[in-house]
Amino acid sequence: MALKQISSNKCFGGLQKVFEHDSVELNCKMKFAVYLPPKAETGKCPALYWLSEQNFISKSGYHQSASEHGLVVIAPDTSPRGCNIKGEDESWDFGTGAGFYVDATEDPWKTNYRMYSYVTEELPQLINANFPVDPQRMSIFGHSMGGHGALICALKNPGKYKSVSAFAPICNPVLCPWGKKAFSGYLGTDQSKWKAYDATHLVKSYPGSQLDILIDQGKDDQFLLDGQLLPDNFIAACTEKKIPVVFRLQEGYDHSYYFIATFITDHIRHHAKYLNA
Amino acid sequence: MEEESGEELGLDRSTPKDFHFYHMDLYDSEDRLHLFPEENTRMRKVVQAEMANESRGAGDGKAQRDLQEEVDELVHLYGLEDDHELGDEFVDENIPRTGVSEYPPYMMKRRDPAREQRDWRLSGEAAEAEDLGFGGWGSAGQCQDLREAYRYTHGRASEEYECYVIPEEEDEEEAADVFCVTCKTPIRAFQKVFDEHKEHEVIPLNEALESAKDEIHKNMYKLEKQIIEMENFANHLEEVFITVEDAVAMADRLGKFLKTKTDVEISAQPEFEDQTLDFSDVEQLMGSINTIPAPSAPVINPQVPNSATGSSVRVCWSLYSDDTVESYQLSYRPVQDSSPGTDQAEFTVTVKETYCSVTNLVPNTQYEFWVTAHNRAGPSPSSERAVYMTAPSPPIIKTKEIRSCEEAVLICWESGNLNPVDSYTVELTQAESPEASGVTESVVGIPTCESVVQLQPGRSYIIYVRALNMGGPSVRSEPATVHTIGSYFRLNKDTCHPWLTISEDGLTAVRSERRTPARELSPSDTHFTRCVAVMGNLIPVRGHHYWEVEVDEHLDYRVGVAFADVRKQEDLGANCLSWCMRHTFASSRHKYEFLHNRTTPDIRITVPPKKIGILLDYEHSKLSFFNVDLSQHLYTFSCQLHEFVHPCFSLEKPGCLKVHNGISMPKHVTFY
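If you're wondering where the values come from, they're calculated on a predicted model, not measured in any experiment.

**Thoughts on the nonpolar core**
- Core analysis: the largest hydrophobic core is formed by 101 residues, its most contacted members being Phe32, Phe100, Ile140, Tyr186 and Phe234 of chain A.
- If you tally residues by element for this core, the top one is helix H10 (residues 257-275) of chain A, at eight residues.
- Those residues within four positions of tyrosine 186 of chain A in sequence are excluded, and the remaining contacts are Phe94, Gly95, Ala98, Gly99, Phe100, Val102, Ala104, Thr105, Glu106, Trp109 and Tyr113 of chain A.
- In terms of nonpolar packing, the next biggest core, distinct from the first, is built from 53 residues, Leu538, Tyr592, Leu623 and Cys639 of chain B among them.

Here it is in structure tokens:
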């Protein structure tokens, strides 16, 4: 697959680049961002996948930390774009920009909306082939829907990711309005299929190796108050299953990038601990 | 002998008494008659005159003139040689020094003034000797006349001396041409015919001349030998004289000595009978005769630094005189306090050397020493008193109170001495190489009974302490071992709440089910009163400290840190002087709080930790908590640590918690 570099900017000694390629899974052109730390010039680095909007790369201030810890940070798009599917742009929380990191089964979405496979399969293979990354050391984190995506990718692939963390994730989509809307559109009405993409549910049957989950949640996050995020459910489930989670409810913080920026360093350190171990 | 010489000196031309003056007056035939037989005497006279000349002193021109005069007469008379030559020979050459040949030329030398003295005597002696040898001589008076006669007849004069030159013979009158042996006088031939010489034997003049010459020569030779002998004799005599001189002096002294001795003996005799036997006098007398006094006081040296042990000191002194000393007596006693009390016992040691190692002393004690020198005459005055001090006893390290971290150790000890010492020294070696290549570091001059010593991380050290005073260092204390891995501390019993019991090893705190009756608490603030807590003694060194606490899942506890002066009446974390992680278990739910100043973030932890790792980072002002088993980071405080803090542990319900020390910081912790 041919990669086309769209941009490159030097940042904290490393390089922030944007590439475009033709995605097989998604049947469209996809862009993704890659930050290469200084260490990448001399050797392979671990890979950290971030799932959220593309604003991340300029707004969240992760470069310094990534540079220090020597991590390659890859940020794919939230969903396929330009697929010309009817209704994809109707709402901001469904369709374009809100792929929910599932492999849709329903028409007309199933051709393109296969973000789960893209994130867990195609993209890593692409990255491994084209960038100085160590294929054995991979972690994932995200914000909001991306947080949900990070959690489910990790939970559905025990051992694939060394660590996982999230900012204000959607922890229990089957029970929140966003999730219901998205899953019904992408997966149909069979709720049993929905659970396969629900972190809270996935935890309950998680058999796999130890995971260390860090979650930061702004206490003043509107969506939390609106019941969209439902972290308590997730925590309860993890407590029961003894999945190590540290959940931090951050006083005064909201859902914005200011919140992300505040705690991004902790998260990157969290991942570095496992990726650089 | 001397008188004779003196007489001779007195004469203008000193000639010996018995010398016949040899008349050379051409016009005085009578005198001439004497010429031959008296030839020798004349020669001798010349010799004597010369000697006399010398005895009078150098540069006596007149004497010289006499000699020269005689020489010239001879020369002219006999035509022996050219007068200069002969004169030179006479004047310049030295008879005795050149070997004496059979008929040595008659040589004389003007002798050195140095030899005048001798010659002066010599001449006298010689005179006598020669007198003996050669018979009579012309009288002094005759000599005198003749010289005066010649004075008027002098013809040529030389520069150096008046020269009485014998005028040319005037041959107007008859010249003698034969020699009458009988009369020993030259006569004219015709005189033979006359009565006087009729029966006399006569020989030709030249024959007579020859024989006369021979005789002269023989006599000269003899004379020379005589001179040599005289000189030798004179030398010997001089030696004898010097010896006698010395002997005389010696004899004077001896005489004096003998005289006194004699006096003593004499005086003692009559007294002896009168007195009763009094040996003290005799002894004194003997002593004074022996002249050995009692020695002068020795000088006691100040204590050589570091020369003492805990039970002995080495005292040295010196004697700054040539006095005879047979032994020294060293006395000592402990230094008295100003307060009067029982007199301390005094001890004495007798030694022959000028030093003594005194043993069986008490450590860390001052003793005063003084020494006297002794000989047969008695003791010397006492020396000054010098204070010597024994070294102290070794300290005792409080091993249970050792605190350390990766970079330093805090040791404290008991002095081991009742009285104060000057300072302490800490010595440490690395345990891996104990004796062989182990370098011993020393920290000296420690004023108190504790010390913080910097160390390298990840090593083991063996530590000793010594006490030091004026006398020197004590022996080493018993050793203590320190490992610079992690941080070591113990729970401080002085701080624990009455309901808590601390284990012997200082690492476990137990709160029993029963509440012990509230006992009277000391007014001091060291004990926790509200929070059932205990504080640990962390080493007051900045840097990183890591320790772990083992807790039960269902235990309600608080673990964290606090400043030393935290209010013990409050709960941990309830004020701004303490930070802690609090776990409460209620309704099957684990609740975790991270308390400081009564506030806590909202944190959920899904897996309750069994072992909590605590990282105190002074450098970054952070306090972090971890789930050790999961390597999970739980929470980090940012805390302003302007002073040192101590670990704190509290049990809110019966149970126990155990502190684990000496753990190297795990890698996952290093990220924080």
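Now that the structure has been shown, we can carry on.
**Things to note about the pairing of strand S5 (residues 313-318) of chain B**
Residue and element names in this part refer to chain B.
- The buried fraction of S5 amounts to five of the six residues, a majority that puts the element mostly inside the structure.
- Bridge count for strand S4 (residues 299-300) against S5 is two bridges, and the pairing is antiparallel. By the bridge assignment for S5, isoleucine 300 is matched with tryptophan 317.
- One ladder, built from four bridges, connects S5 with strand S8 (residues 355-358); its direction is antiparallel. When the sheet's bridge partners are listed, arginine 314 is paired in S8 with serine 357.

**Thoughts on the sheet that holds strand S27 (residues 589-596) of chain B**
Residues and elements named next belong to chain B.
- Strand order in the open sheet formed by five strands is S23-S32-S25-S26-S27, and the pairing between neighbours is antiparallel. Each edge of the open sheet is held by one strand with a lone partner, namely strand S23 (533-535) and S27. Averaged over all pairs of adjacent strands, the angle between their axes in this sheet comes to 20°, without regard to strand direction.
- Sheet topology note: the strand S26 (residues 578-586)/S27 ladder contains eight bridges and is antiparallel. From the neighbouring strand, cysteine 580 faces S27, where its bridge partner is leucine 595.

**Here's the deal with the interface of chain B and chain A**
- Contacts between the two partners involve 16 residues from chain B and, on the opposite side, 22 residues from chain A.
- Summed over both partners, the interface of chain B with chain A comes to about 1,700 Å²; 55% of that surface belongs to carbon and sulfur atoms.
- In terms of surface lost to chain A, no three residues of chain B exceed Arg604, Thr606 and Phe671 of chain B, which account for 42% of the buried area on that side.
- Counting every contact that joins chain B to chain A gives one salt bridge.
- One salt bridge connects aspartate 232 of chain A with arginine 604 of chain B, and the closest N-O pair in it is separated by 2.8 Å.
- Our enumeration of links across chain B and chain A arrives at eight residue pairs in polar contact (both at pLDDT 80 or more).
- Contributions of two or more residues to the side of chain B that touches chain A are made by strand S28 (602-605), strand S31 (632-638) and helix H11 (667-670) of chain B.
- Top contributing element to the side of chain B that touches chain A by residue count: S28 of chain B, with four residues.
- Its residues assigned to classes, the side of chain B that touches chain A shows seven nonpolar, five polar and four charged.

Here is what the cut-offs are and how they apply
- Per-chain numbering applies: the sequence of each chain, read as written, is numbered from 1 onward.
- As a convention, the first chain written is A and the first ligand written is 1, with the rest following in written order.
- Where local features are concerned, this predicted model is filtered to residues with pLDDT of at least 70; where side-chain atom pairs are given and counted, the filter is 80 or more; whole-chain, interface and lining totals use all residues.
- Each side-chain value is derived from all of the structure's non-hydrogen atoms; neither hydrogens nor water enter the calculation.
- Nonpolar core, defined: a set of buried Ala, Val, Leu, Ile, Met, Phe, Trp, Tyr and Cys residues in which side-chain atoms within 4.5 Å join the residues together.
- Three labels apply to residues, based on accessible area from a 1.4 Å probe with only protein chains included: buried if under 20% of the type maximum, exposed if over 50%, partly exposed otherwise in between.
- For the purposes of this entry, the term helix denotes a DSSP run of H or I that reaches at least four residues, the term strand denotes a run of E that reaches at least two, and both are numbered from the N terminus.
- Only heavy atoms enter the contact rule, under which two residues are in contact if any of them lie within 4.5 Å.
- A pair of strands is labelled paired if DSSP reports no fewer than 2 bridges between them.
- Axes here refer to lines fitted to C-alpha atoms; in helices the fit is confined to the stretch in contact. Angles between the N-to-C directions go from 0 to 180 degrees.
- When two parts are brought into contact, each loses some accessible area as probed by a 1.4 Å sphere; the total of that loss over both is the buried area.
- Salt bridges are defined by distance alone: a side-chain nitrogen of Lys or Arg within 4 Å of a carboxyl oxygen of Asp or Glu.
- By the criterion applied in these results, polar contacts are pairs of N or O atoms within 3.5 Å in which, for protein atoms, one can donate a hydrogen and the other can accept it, and in which residues neighboring in sequence qualify only through two side-chain atoms.
- The nonpolar class holds Ala, Val, Leu, Ile, Met, Phe, Trp, Tyr, Cys and Pro. Asp, Glu, Lys and Arg form the charged class, and all remaining residues, Gly among them, are polar.

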